[in-house]
Amino acid sequence: MNNRHLTVIMYHYVRDLKNSRYPNIKGLDVNLFKEQIKFLKKNYNVIRMEDVISASKGVGALPPHAALLTFDDGYIDHFTNVFPILKNNNLQGSFFAPVKAITEHKVLDVNKIHFILASTPKNKIYLLLNEIRNQLIEFQEEFNLNTFDYYFDKLAQTGRFDPAEIIFIKRLLQVELPVDLRLKITNNLFEKIVGVEEGAFSKELYMSIDQIKCMVNAGMHIGTHGYDHFWLGSLSKQKQEFEIERSIDFIKEVGGNVNEWTICYPYGSYNNDTIEIIKDKGCKLGLTTEVAIATIYSQMGDNVFKIPRLDTNDLPKEEVSIPNKWYN
Ligand SMILES: [Zn+2]
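Figured I'd write up the structure that's included with this text.

Cut-off values and rules
- Think of each chain on its own: its residues are numbered from 1, step by step along the sequence as written.
- Owing to the predicted nature of the model, reporting of local features is limited to residues with pLDDT of at least 70; listing and counting of side-chain atom pairs is limited to 80 or more, with chain, interface and lining totals taken over all residues.
- Calculation of side-chain values draws on the structure's entire complement of heavy atoms; hydrogens and water are dropped beforehand.
- For cavity detection a 1 Å grid was placed over the protein atoms alone, and a set of points counts as a cavity when a 1.4 Å probe fits there but cannot get out; an open set counts as a pocket when protein lies on both sides within 12 Å along at least five of seven lines, with lining residues being those that have an atom within 4 Å of a point.
- Grid points are joined across faces, edges and corners, and a volume is the space filled by probe spheres set on the points.
- Ten residues, namely Ala, Val, Leu, Ile, Met, Phe, Trp, Tyr, Cys and Pro, are considered nonpolar, four, namely Asp, Glu, Lys and Arg, are considered charged, and the remaining ones, Gly among them, are considered polar.
- Going along the chain from the N terminus, every DSSP run of H or I of four or more residues is numbered as a helix, and every run of E of two or more is numbered as a strand.
- Think of it in three bands: with a 1.4 Å probe and only protein chains considered, a residue is buried below 20% of the maximum accessible area for its type, exposed above 50%, and partly exposed in between.
- Two residues form a contact once any of their heavy atoms are found within 4.5 Å.
- We define a salt bridge as a contact between a side-chain nitrogen of Lys or Arg and a carboxyl oxygen of Asp or Glu at a distance within 4 Å.
- Any two of the Phe, Tyr and Trp rings considered here, Trp counted by its six-membered ring, make a pair once their centres fall within 6.5 Å; the pair's planes then place it as stacked at under 30 degrees, edge-to-face at over 60, or tilted in between.
- We define a nonpolar core as any set of buried Ala, Val, Leu, Ile, Met, Phe, Trp, Tyr and Cys residues linked to one another through side-chain atoms lying within 4.5 Å.
- For two strands to be treated as a pair, DSSP must find at least two bridges joining them.
- Handedness of a crossover is defined as follows: with both strands directed away from the viewer, a clockwise route from the first strand across the helix to the second makes it right-handed.
- The length a helix should cover is 1.5 Å for every residue beyond the first.

**Thoughts on empty space enclosed by the protein**
Under the criterion given, the structure shown has one cavity of 30 Å³ or more. Lining the largest cavity, in full, are D109, Q174, R182, H229, F230, W231 and Y267. Here the residues of the lining of the largest cavity sort into three nonpolar, two polar and two charged.

Structure, rendered in structure tokens:
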């Protein structure tokens, strides 16, 4: 019986948190990352993206306790902190960078929201909520908005790693409000609370094209993560096509493998149109944010585009830890 289980682990920020300018950013401390890598090496077999694609074609089987490491959003942390550790351990990581952040030196609104939150002390969240309330009142007529309380009741639900009011702020500014308005409010808050010029902030936050090329040359996998980091499932088919085509062009530009390309859906969001488009363009594998152990087998059909992942926080982070309930 071939082994079919795969633990795909998702990472975002990996940095020396307490010595960074934003120690409150929700990220993994680089020392814990090192420890988790030791833990994984001891208990799992960390494999390459190419191995997963082969297994999904029925060529070769996965080793027992297979794990795949994935890094979202193209942060400079991945080049500076993650890449050397992976290289020293002879491991491959799969990196998914949104094109616009890298090529246009913009800061994605999702990241603006992270740094607005990281710059707001926990006991001052109510000030941020007040600020958002004021902005909603200011734009109420122009955008035909509901009340602050309506949105709060609708969106404030405790998340896996966030309290309800943080989920409210994220959902409101990521997807609920009309796109023009959410950008406007996010920019206002970013200017007021973070106060760093966007171009400079972008260069400090994301990898450069040359850094990504360097990682590709060293055997790392680079996959697509959209152009603008939109929720694909909320876009028209035409807009999704734009997002995906520009992302494939980017893979080509940095020297990645466009024949065996992969996608990691921003926010895990996709729909039937997404699957149709990526299938048509020869995509080999799609990663979601559904929380589960993946099962890889030949003739997966569309399931190869719906691979679930665990968060780094779902697994132990010390070398000596015992594997937990997610052990595959
Ligand atoms: Zn992302």
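**Examining the environment of I9**
Mapped onto the fold, I9 is located in strand β1 (residues 5-11). Here I9 falls in the buried class, since its relative accessible area comes to 0%. Each C-alpha atom of the pair I9 and R246 lies 26 Å from the other, and the pair is 237 residues apart in sequence.

**Remarks on unusual backbone geometry**
Of note in the backbone geometry, D73 takes a positive phi value of approximately 90° without being a glycine. Its location among the elements puts D73 in the loop between β5 (66-72) and α3 (76-88). Phi is positive for H105, which is not a glycine, with a value near 50°. Structurally, H105 can be placed in the loop between α4 (99-103) and α5 (109-118).

**Focus: the side chain of T262**
With respect to the helices, strands and loops of the structure, T262 is situated in strand β8 (residues 262-264). T262 sits in the buried class, given a relative accessible area of 0%. The residues touching T262, leaving out its near neighbours within four places in the chain, are M49, I53, F96, H221, G223, T224, C283 and L285.

**Considering the pattern of salt bridges**
Tallied over the full model, the rule gives 18 salt bridges. Note that R160 is salt-bridged to D314, the shortest N-O span being 3.0 Å. With a gap of 154 residues between them, R160 in the loop between α7 (148-155) and α8 (164-176) and D314 in the segment after β11 (310-311) connect regions that are remote in the sequence. With a relative accessible area of 45%, R160 lands in the partly exposed category. Through salt bridges with shared partners, a single network forms among K26, D162 and K170.

**Some remarks on the packing of aromatic side chains**
For the structure on display, the rule yields 22 aromatic pairs. Consider the rings of F33 and F71, whose centres lie 6.0 Å apart with planes at 75°: the pair is edge-to-face. Here F33 is found in helix α1 (residues 30-43), whereas its partner F71 is found in strand β5, with 38 residues between them in sequence. The buried category is assigned to F33, whose relative accessible area is 0%. Given the relative accessible area of 0%, F71 is considered buried. Members of the aromatic cluster, each reached through a chain of ring pairs, are Y13, Y22, Y75, F115, F190, F201 and Y206.

**Here we look at the nonpolar core**
Membership of the largest hydrophobic core comes to 76 residues, with the highest contact counts inside it found for F33, L40, L69 and L86. Residues in contact with F33, not counting those within four places in the same chain, are Y11, V14, L28, F71, V82, I85 and L86. In terms of nonpolar packing, the next biggest core, distinct from the first, is built from 31 residues, A66, I244, I296 and I307 among them.

**What to know about the pairing of β5**
Among the seven residues that make up β5, seven are buried, leaving the element largely enclosed by the rest of the structure. Burial along β5 is two-sided: the residues A66, L68, T70 and D72 and A67, L69 and F71 are all buried. Taken together, the two bridges between strand β4 (residues 45-46) and β5 define a ladder with parallel strand orientation. Looking at β5, one finds that N45 is bridged to A66. Traced from β4 through helix α2 (residues 49-56) to β5, the parallel crossover comes out right-handed. Sheet topology note: the β5/strand β6 (residues 93-97) ladder contains four bridges and is parallel. When the bridges of β6 are listed, F71 appears paired with F95. Crossover connection from β5 via α3 to parallel β6: handedness right-handed.

**Regarding α8**
For α8, spanning 13 residues, the distance from its first C-alpha to its last is only 15 Å, which falls clearly below the expected 18 Å at 1.5 Å a residue. What α8 keeps buried is the set A164, I166, I167, F168, I169, K170, L172, L173 and Q174. Contacts from the buried residues of α8 go to α5, α6 (125-143), α7 and α9 (179-194).

**Re the environment of T80**
Within the element layout of this structure, T80 appears in helix α3. Sequence spacing of T80 and K325 is 245 residues, and the spatial spacing of their C-alpha atoms is 32 Å.

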